[in-house]
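# Geometric and topological summary
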Amino acid sequence: MVSTLNEALEFIANYVPPKSPDGRVAYPILEDGLSYAEIKQKLKDLPFDLPTEVYELYQWSDGGFLGNLPYPNRSDRSEYAKIDKFISLGRAVSLAKEWGNGAFPLFEYEDGNICFTVGSQVKQRIAPIFCRHKSSVAEQPKYDSLTTMMVKLVEGIQSETSRR
């Protein structure tokens, strides 16, 4: 059974952005995914575990540059910000250790915002997603799950595609 998260990720992977004026497709650039064992190995030194959704995300891809994918900044999708980077697992682990507060970064926006989830001592399925500027505090999740965030991203892509 394919999860909604995996369906959304595959849609993103198959999305072909508009070609640049010289005819080349420059983005998105996605790294190959990791095995479950590779993910566990990279996470072994964290004092918490991550939700299953995060494992699914990194099995799909180990980060990349998403450049020109539209991303809904508001629930009504009337404004868009751009996710600039999907943070590689190695870099995300380093940042999580540096922060030391249980937060685990996943995405960076072009405007300086960052999206992250939180670890737990007990394995969770769902990864609530918090989005904030690097210098501020996010108290409430922007999305109740990584799946919800990725579905909104797909909706943004479809909305932008239909306007062309």
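A brief report on the enclosed structure follows.

Conventions and cut-offs
All residue numbers refer to positions counted from 1 along the written sequence of the respective chain. Side-chain atom pairs in this predicted model are given and counted only at pLDDT of 80 or more, local residue features only at pLDDT of at least 70, and totals for whole chains, interfaces and linings cover all residues. The side-chain figures draw on all heavy atoms in the structure; neither hydrogens nor water molecules are used. Nonpolar core, defined: a set of buried Ala, Val, Leu, Ile, Met, Phe, Trp, Tyr and Cys residues in which side-chain atoms within 4.5 Å join the residues together. Three exposure classes are used, based on accessible area relative to the maximum for each residue type with a 1.4 Å probe and protein chains only: buried under 20%, partly exposed in between, and exposed over 50%. By the criteria applied, helices consist of DSSP H or I runs no shorter than four residues and strands consist of E runs no shorter than two, each listed in order from the N terminus. The criterion used for residue contact is that any of the two residues' heavy atoms lie within 4.5 Å. The pairing criterion is simple: DSSP has to find at least two bridges between the two strands. Here a polar contact means two N or O atoms within 3.5 Å. Within protein one must be a hydrogen donor candidate and the other an acceptor candidate, and residues neighboring in sequence count only if both atoms are side-chain atoms. In this description, a disulfide is simply a cysteine sulfur pair whose atoms lie within 2.5 Å. When a carboxyl oxygen of Asp or Glu is within 4 Å of a side-chain nitrogen of Lys or Arg, the pair counts as a salt bridge. Geometry of aromatic contacts follows a simple scheme: Phe, Tyr and Trp rings, the Trp one being its six-membered ring, pair when their centres are within 6.5 Å, and the pair is stacked under 30 degrees between planes, edge-to-face over 60, tilted otherwise.

## What about the nonpolar core?
If you look at the biggest cluster of nonpolar residues, it comprises 43 residues, and the most contacted ones within it are Y58, F104, F107, L146 and M150. Per-element accounting of this core gives the leading share, six residues, to helix 5 (residues 146-162). Every residue in contact with L146, bar those within four places of it in the chain, is listed here: L5, E53, V54, L57, L106, F107, A127 and I129.

## A short note on the pairing of strand 5 (residues 103-109)
Where burial is concerned, most of strand 5 is hidden: seven out of the seven residues are buried. With five bridges connecting them, strand 5 and strand 6 (residues 113-118) associate as antiparallel partners. Considered in strand 6, the bridge of E108 is made with I114. The turn linking strand 5 back onto strand 6 is made up of three residues, and G112 within it adopts a positive phi angle of 95 degrees.

## Quick notes on the side chain of T117
Here T117 is to be found in strand 6. We classify T117 as buried; its relative accessible area is 0%. For T117, the side chain forms a polar contact with the main-chain oxygen of P128, separated by 2.8 Å. Not counting the four nearest positions on each side in its chain, T117 is found in contact with L50, P51, V54, G102, A103, F104, L106, A127, P128 and I129.

## A short note on the state of the cysteines
If you walk through the whole model with that rule in mind, you get one disulfide. Across the disulfide, C115 is cross-linked to C131 (sulfur-sulfur distance 2.5 Å). Looking along the S-S bond of the C115-C131 disulfide, the torsion reads about 100 degrees, which is the right-handed sense. Of this pair, C115 sits in strand 6 while C131 sits in strand 7 (residues 130-133); the two residues are 16 residues apart in sequence, bridging distant segments of the chain.

## Focus: the pattern of salt bridges
Here the structure, examined in full by the defined rule, presents seven salt bridges. Among the salt bridges present, the one from D45 reaches K97, with a minimum N-O distance of 3.9 Å. Taken together, the residues D45 in the loop between helix 2 (36-43) and helix 3 (52-60) and K97 in helix 4 (residues 89-99) connect sequence positions 52 residues apart. On the accessibility criterion, K97 (46% relative accessible area) is partly exposed.

## As for the packing of aromatic side chains
By the definition in use, this model includes six aromatic pairs. Relative to F86, the ring of Y58 has its centre 5.2 Å away and its plane inclined at 35 degrees; by these criteria the two rings are tilted. On the criterion of sequence distance, the pair formed by Y58 in helix 3 and F86 in strand 4 (residues 80-86) is long-range, its members being 28 residues apart. The exposure class of Y58 is buried, given its relative accessible area of 0%. With 5.3 Å between their ring centres and 35 degrees between their planes, F86 and F107 make a pair best called tilted. You can see F86 sitting in strand 4 and its partner F107 sitting in strand 5, a full 21 residues away along the chain. Members of the aromatic cluster, each reached through a chain of ring pairs, are Y58, W60, F86 and F107.

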